[in-house]
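Structure assessment
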Amino acid sequence: MEDKRVKTAPSKKSVNTAREVWPYVKEDYASAHRAKAEGKPVVWSCAIIPKEVFWALDVYPVFPEHFGVISGMMRRGGTKDESVEKEAVRFSRLAEAAGFASYLCGYARASIGNTLTGNLADAPLGGLPKPDMIITTSFVCDLRGKWLRYLAQKHNVPFYILDIPERGCDLPLTMPGLRSAFLPFYEKIKRGERDIFFSLPADHELDYTQTQWEECIRFIEDVTGHKYNQDRFNEVMDISYRTNEIRLEILELRKAVPAPMGVADGLACMYPGTYTMGTKRCYEFYVRLRDEVKERVENGIGTIPNERFRLLWYGLAPWFNMSLFNYFEKFGGVFVYEPIYNLVPFPPRMPENPVRELAIRTLQQSGGMIAPTTIGQAVSTLVNAAREYKCSGIVTFYLITCRPVVYPTVEIARVLEEDFGIPAVPIECDLIDERTYSEAQTLARFDAFAERLLKMEPVFA
Amino acid sequence: MIQEFHDWVHNRHDRIEEWKKENKRKVFGYLCCVAPEELIHAAGILPVKLTGSDEPISVVDRHVVHYACPYVRSILDLAGRGVYDYLDGVVTCNTCDIMSRCEYYWRVLSPREKSTILGVEMSPYVLYIKHPEKISGKGVREFLKQEYRIFKQHLEREQKIIIDDDRLSRTVDIYNEHYYLMEEFRAYRKEEDLKVSGLEAFEVEFSSLLMPKEEHNRLMESYLGELSEREPLPDRGLRLLLSGGGIDQFTSQIYRIIEECGGQVVAEDIGVSTSYFCRKIDNTKDPLDAIVEHRLGVHCPHTMTEDRFPNERFEYIKKVLDGNRIQGVIFFVPLYCECRNLEYPKLKEDLREEFDVPTLYLDNDYSHGGLEEAHSRIEAFIEMISG
Ligand code: SF4
C-alpha cells in the first residue's frame, strides 16, 4: 500500500454533550486497566454484542474494534506531529507482514498488529488490558469471528462465538414464500408505505439464539467462577431498555429543521451506547444529551446557521478524518442522520425470562437497520431515513475493507437516485487506515455534489 | 471415460439443458457446497453447482461492488446475462458475507415472476438457507433441521409431492455410493506412483456436481476399473496440497500451471464439493437428521466450532494431509475472501511448526492475468522446495 501522509482532523461538534465523550472514553480505558490490576476478568468482545450479560456477570468488556478507532485517530506517544503516521497504520503494516491482507478491515489489522508487537500497552490510551477470554459473534460480518479467534489463539485464552442466524430478510420464514412476496422491499416504500424494519423472528431462530446466550453465560461462569443472577441481569436490562427509549427520543428530535444534532455529533455520541449500554453512566449521558438536543430544537438552534440542504450518511465512519462531516457546511449543507449505531426499539421487557428477551432483541437488531444483512433492507432503511430526516442527498461510505457496509452501497445509490431522485456520492477508503484515502478525489467529488444539490429542489421538503 | 467428465465440466450449460429437455425434469442451481443437495435430489430435481466463467463482466457492476469476491461476481454476471435462465430455482446459503446477499442479488439480476396466492409466493425462485456459522454445540442441529424442513416444504410445493423418509433414504443411498466411490478414487491419489493428475482428479470430482449423481456413479465404476489398469504418470512432480476457493472449470487451470511448474496436486482443501470432506451420511438414522449431521460436517473456512481453544481448521487440514506425503501447500484464495485470508497466517505457522511444510499464498482474482502471474511464483516456490 502506498506510503503517504494525508491531511486529517477531528470533526467540529455542535452539541456540548458530545464533548463529554472523549473524557468518557479515556476513563473507560483507565478503568479497564484498573479492573485488570484488581483481578477482575477482562473479556475482549465486539461492538454488536449486547453488553448486559457482561455487567451482570461482573466481567469487564473491552473492544478491539474501538481500539481500532483510537489507533486511527492517534499517533504514537500522543504526538500531534503530522509527519508521524497514525498508530493504525503502524499496526496494519505488522499485520500485513504476517500475511493478513490489506483488504481486511482496518480494525482487525490494527488490533492484530498491536498483539503481534508483543507489547499491548505500547498503544493509544495504554491499549487494551490483556484478555482473560474472548467472546464474539457470527453476526454482521464474517471477519469478527475469525479475527477474534486468531486473537484468542495468540493470547491463548478461551473463546466463545455467539452464533446468530443471519436472517436473509426480516420476515418470518414460517410461511413458505412469504419472504419473496415482499421483495423488492422498496416497492412498498415507493408507494409511501413504511417498510417493516423487523418482525418477530421464527421460533427456531429464537430458540437457537436463546441457547447461544445461555451457552455464553455458561461459558463466562466456567471461565470466571462468577454466577449468573437473574435479578442482577434484570437490573441491567432495565437500564438498557430505558436508555434505548431515550436514544429513540433523540433520534426523533434529530428530525427537526434546522438539524439540532448532526452526524459529527451522532458518531461521537455513539460510544456510550455502543460500548457501555446497560450502565447507569451511559443512561445518564443520554439523558443529558436528550435534554440538550431538546432545548436546541425548542430554541431553533441548528448545527449550522442557514441550512440549504440536508444529507444522509450511510456507513461507518472514516475515524481518521472526521472533519469530513463538517465539509459541506461552507455550502450550507449539513449531515443530519446516520443509521449506523442507532438502535431500533427494543422488545418489551420480559423480567421472567430476560434471556429470551435478549434473544428477541438480538434477532430484531439482526434484521434491523443497525447492520442490515440484506441489501433490500439496507436500501429501504435509507429511503425511509431520507424521508424522515428530509434529506436531499446521501453520502455513501464505500468502505472498501468492510464487506457488510460496502455491499449495499451500489444498490443504495442506484435505487435512491433512480427511483427517488436522491443523488448519492461515494467516499472510498478504509475506516482507520488513512493510506487508503485520497483527499483530492474525495473533495472534488464532494464539491461537485454540493453544486448539484444546491441546484435541486429538495425531494422530501 | 475421462472425456465424458471433461465434457460435462466444460460444456456444462449445454449438457444440463440437454438433460433437462430429454428428461423433462427441473434443475436447481446452488451456490455453495453446503447446500443440501440431497433434499433437491429427493424432490426429483437435478441439483447443479453454479460456477462463473472467464468471459468479461458486463452487467454485474451496476449492482455489485468491485470489492467483492470475483468468483461470485462472475456467477452473478452470468445470472444477469440470462445464461442461467434454464434454472428452475436457485439455492443460496449463508456461507459468507457475499453468499448471504446473493438471494437479493439474484432476484435483482435475474428476476423471475412466480405465481402467488394471496400475495404469497408458494415456491420461490430463490431460496435462502441460514446455514449456521458454528457447526457444533447445543441447538445447532435442531436449528438447521428446521431450516431444512422449511426448505423441503418449498420443494414439495414446487414439485407437488411429499418428500417422505423413503424418498430421502433412496437419495441417501445414491449419495453414499457417490461418497464411497470418491473415497476409493482418492486412495489412488495417495499412491507414490501417481496414476491421476491433479487436474484430471478435479474434473472427475467437479463433474459430479453438474450431472445426475446416478450417472456419475455409473461412470465412476468403469473409470475406477480403468484406473486400476493404468500405468503411473511418467512425471510425478512434487506432492502438493491445494487450499483455496473459487475453483471451477476456469480457475482449475491452476492445476495445469502447477503441473507445468513441476508440481502435482494430490489433495485439496477447496470446498467446492462435499465429497472432499469424506463423510458419509449415516443411513441408520432418521434421514433428515442424518443429512443435517452430514452438512454440519463440512469444515469450510467459514465455519467455527464450540471449541474453547479452537484450531479446528488446522485439525481438519491435518486429516487431509494424512497419508499424502505433502511437500508444500499452495493457498489460492479468492480476492476479498476474508474467511480464508484470516485463517492463513496461523495455518502457515502451524504447518511449518508441525510438519515443516512450506506454504505459498496466491490471490485468486479470477482472471487470466492472475493465473499467468501465478505461474512464476509457483515456479519459484517449487524450485525453493526442490532445493
Ligand atoms: S468494520 Fe465491517 S468488517 Fe470491520 S468489524 Fe465492523 S462490520 Fe466487521
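Residues numbered from 1 in each chain as written. Chains lettered and ligands numbered in written order. Predicted model: local features only at pLDDT ≥ 70, side-chain atom pairs only at ≥ 80, totals over all residues. Heavy atoms only, no water.

**Here we look at the overall build of chain A**
Worth spelling out the cut-off: Strands are runs of DSSP state E lasting at least two residues, helices are runs of H or I lasting at least four, and both sets are numbered from the N terminus onward. Accessibility here uses a 1.4 Å probe with only protein chains present; expressed as a share of the type maximum, an area under 20% marks a residue as buried, one over 50% as exposed, and anything in between as partly exposed. Only heavy atoms matter for contacts: two residues are in contact if any of them lie within 4.5 Å across the pair. Note on areas: Shrake-Rupley, 1.4 Å probe, and residue coverage restricted to the protein chains presented here.
Assigned secondary structure in chain A consists of 18 helices and eight strands. For chain A, buried positions account for 69% of its 461 residues. Here the analysis covers contacts within chain A between residues at least 6 apart in sequence; of these, 79% occur between residues at least 24 apart. Of the accessible surface of chain A, which amounts to about 14,900 Å², a share of 53% is contributed by carbon and sulfur atoms.

**Things to note about the sheet that holds strand β7 (residues 393–399) of chain A**
Residue and element names in this part refer to chain A. What counts here: Only strands joined by at least two bridges in the DSSP assignment are considered to pair. Axes, fitted as lines to C-alpha atoms, cover a helix only where it is in contact. Angles between the N-to-C directions of the axes lie from 0 to 180 degrees.
Strands sit in the order β6-β5-β7-β8 across an open sheet of four strands; the sheet is parallel. Sheet topology places β6 (333–337) and β8 (424–429) at the edges, where each strand pairs with a single neighbour. Within this sheet the neighbouring strands show an average axis-to-axis angle of 30°, counted without direction. Pairing between strand β5 (residues 309–314) and β6: four bridges, direction parallel. Paired with Leu-311 across the bridge in β6 is Phe-335.

**Section: the environment of Pro-347 of chain A**
Residue and element names in this part refer to chain A. With respect to the secondary-structure elements, Pro-347 resides in the loop between β6 and α14 (354–366). It is 8.7 Å that separates the C-alpha atoms of Pro-347 and Tyr-241, two residues lying 106 residues apart in sequence. Look past the residues within four positions of Pro-347 in its chain and what remains in contact with it is Tyr-241, Glu-357, Ile-360, Arg-361 and Gln-364.

**Quick look at the confidence of the model for chain A**
In low-pLDDT segments, the atomic positions of the prediction should not be examined closely. The following threshold applies: On a scale of 0 to 100, pLDDT captures the predictor's confidence in every residue.
Confidence in the prediction for chain A averages 89 pLDDT; 89% of positions are at 70 or higher. Throughout residues 170–186 of chain A the model reports pLDDT below 50, and contacts reaching past four residues in sequence, or to other chains, amount to 56 contacts.

**Some words on the interface of chain B and chain A**
Here is the rule we go by: Buried area is a sum: the accessible area each of two parts loses on coming together, probed at 1.4 Å, counted once for each and added. Should a side-chain nitrogen of Lys or Arg be within 4 Å of a carboxyl oxygen of Asp or Glu, the pair is scored as a salt bridge. Whenever two N or O atoms come within 3.5 Å, that pair is a polar contact, provided that in protein one can donate a hydrogen and the other can accept it, and provided that, for residues adjacent in sequence, both atoms are side-chain atoms.
Contacts between chain B and chain A engage 67 residues on the former and 66 residues on the latter. Among the residues chain B hides against chain A, the three largest losses belong to Tyr-104, Arg-308 and Leu-342 of chain B. Together they make up 14% of the total. Where chain B packs against chain A, one counts seven salt bridges. The partner of Asp-222 of chain A in a salt bridge is Arg-308 of chain B, and the shortest N-O contact between them spans 3.1 Å. Seen at the junction of chain B and chain A, the total is 28 residue pairs in polar contact (both at pLDDT 80 or more). Of all the secondary structure elements, the ones that give two or more residues to the side of chain B that touches chain A are α5 (102–109), β5 (120–121), α6 (140–159), β9 (328–334), α13 (338–355) and β10 (359–364) of chain B. Top contributing element to the side of chain B that touches chain A by residue count: α13 of chain B, with ten residues.

**Here's the deal with the state of the cysteines**
The condition is simple: Any pair of cysteine sulfurs within 2.5 Å is marked as a disulfide.
Within this structure, the stated rule accounts for zero disulfides over all chains. Here Cys-46 of chain A stays unpaired: no disulfide links it, and the sulfur of Cys-141 of chain A, its closest cysteine neighbor, is 7.8 Å away. Unpaired in this structure, Cys-337 of chain B has its nearest cysteine sulfur neighbour in Cys-339 of chain B, at a distance of 5.5 Å.

**Observations regarding the packing of aromatic side chains**
All names here are of chain A. Applicable threshold: When two rings of Phe, Tyr or Trp (its six-membered ring) have centres within 6.5 Å they constitute a pair, described as stacked for plane angles under 30 degrees, edge-to-face for angles over 60, and tilted for the intermediate range.
Across all of its chains, the model carries 40 aromatic pairs over all chains by this definition. Considering the side-chain rings of Tyr-327 and Phe-446, the 5.9 Å spacing of their centres and the 50° angle between planes classify their relative orientation as tilted. Taken together, the residues Tyr-327 in the loop between β5 and β6 and Phe-446 in helix α18 (residues 439–455) connect sequence positions 119 residues apart. Pair check on accessibility: Tyr-327 and Phe-446 agree, each one buried.

**Overview of the nonpolar core**
Rule in force here: Think of a nonpolar core as a cluster: buried Ala, Val, Leu, Ile, Met, Phe, Trp, Tyr and Cys residues, connected wherever their side-chain atoms sit within 4.5 Å.
One finds Trp-319 of chain A together with Trp-106 and Ile-378 of chain B to be the most contacted residues of the largest nonpolar core, which totals 291 residues. Among the elements that take part in this core, helix α7 (residues 165–190) of chain B stands out by supplying eight residues, more than any other.

**Concerning the side chain of Glu-312 of chain B**
Residue placement: Glu-312 of chain B occurs in helix α12 (residues 312–321). Glu-312 of chain B gets classed as buried once you look at its relative accessible area, which sits at 6%. Once residues within four sequence positions are removed from consideration, Glu-312 of chain B is found in contact with Arg-149 of chain A together with His-299, Thr-303, Met-304, Thr-305 and Asp-307 of chain B.

**Examining the environment of Ala-380 of chain B**
For Ala-380 of chain B, the position within the fold is in helix α14 (residues 368–386). C-alpha of Ala-380 of chain B to C-alpha of Cys-261 of chain B: the two residues are 119 residues apart in sequence and 8.7 Å apart in space.

**Observations regarding the site of the ligand**
Residues and elements named next belong to chain A. Note the following rule: For each residue, the test is whether any non-hydrogen atom lies within 4 Å of the molecule or strand; if one does, the residue is near. Amino acids are sorted into nonpolar (Ala, Val, Leu, Ile, Met, Phe, Trp, Tyr, Cys and Pro), charged (Asp, Glu, Lys and Arg) and polar (every other residue, Gly among them).
Around the ligand, the surrounding shell consists of Cys-105, Tyr-107, Val-140, Cys-141, Leu-143, Arg-144, Trp-147, Leu-316, Cys-402 and Leu-431. The element contributing the most residues to the shell around the ligand is helix α6 (residues 143–155), with three residues. Each residue belonging to the shell around the ligand can be placed in one class, and the counts come to nine nonpolar, no polar and one charged.

**A few points about the pattern of salt bridges**
Side-chain pairs of opposite charge can arise where the charged atoms are in close proximity. Overall, the coordinates contain 70 salt bridges over all chains when judged by the stated rule. For Arg-435 of chain A, the salt bridge identified is with Glu-96 of chain A, shortest N-O distance 3.1 Å. Residue Arg-435 of chain A is located in the loop between β8 and α18, and its partner Glu-96 of chain A is located in helix α4 (residues 87–97); the two are separated by 339 residues in the primary sequence. Looking at Arg-435 of chain A, the relative accessible area reads 5%, which means it is buried. Where Arg-15 of chain B meets Glu-4 of chain B, a salt bridge forms, and the shortest distance between an N and an O atom there is 2.7 Å. Of this pair, Arg-15 of chain B sits in helix α2 (residues 12–23) while Glu-4 of chain B sits in helix α1 (residues 2–10); the two residues are eleven residues apart in sequence, bridging distant segments of the chain. One network of salt bridges, with partners in common, ties together Glu-96, Arg-109, Asp-430, Asp-433 and Arg-435 of chain A.

**Structural notes on helix α15 (residues 375–388) of chain A**
Residues and elements named next belong to chain A. So the rule is basically this: How far a helix is expected to stretch is found by multiplying one less than its residue total by 1.5 Å.
With 14 residues, α15 should reach 20 Å at 1.5 Å per residue; the first-to-last C-alpha distance of 20 Å fits that figure. The buried count for α15 comes to twelve of 14 residues, which makes it a mostly enclosed element. For α15, every residue scored as buried is listed here: Ile-375, Gly-376, Gln-377, Ala-378, Val-379, Ser-380, Thr-381, Leu-382, Val-383, Asn-384, Ala-385 and Ala-386. Lys-390, located one to two residues past α15, shows a positive phi value of around 55°.

**With respect to the packing of α7 of chain B against helix α11 (residues 287–295) of chain B**
Residue and element names in this part refer to chain B. What counts here: Less than a right angle of anticlockwise turn of the near helix away from the far helix marks a crossing as left-handed, whereas a clockwise turn marks it as right-handed.
As a packed pair, α7 and α11 sit with axes 9 Å apart at the nearest point and diverge in direction by 35°. The two elements α7 and α11 cross, and the hand of that crossing is left-handed. Residue-level inspection shows Asp-165, Leu-168, Ser-169, Val-172 and Tyr-179 of α7 in contact with α11, the latter providing Pro-287, Leu-288, Ile-291, His-294 and Arg-295. Class assignment of the residues belonging to the contact of α7 with α11 gives a composition of six nonpolar, two polar and two charged.

**Examining the confidence of the model for chain B**
Residue-level pLDDT values for chain B average 94, and 98% of them are 70 or greater. Taken over the whole predicted complex, pTM reads 0.95, whereas the ipTM for its chain interfaces reads 0.96.

**Focus: the sheet that holds strand β7 (residues 238–244) of chain B**
All names here are of chain B. Pairing is parallel in the open sheet, where four strands are placed in the order β8-β7-β9-β10. Of all strands in the sheet, those with a lone pairing partner are β8 (263–269) and β10, marking the two edges. In this sheet, adjacent strand axes meet at a mean angle of 30° when their direction is disregarded. The sheet contact formed by β7 and β8 spans six bridges and is parallel. Bridge assignment links Leu-241 to a residue of β8, and that residue is Ala-267. The strands touched by α13 within the sheet are β7, β8, β9 and β10, with β9 carrying the most contacts at an inclination of about 170°.

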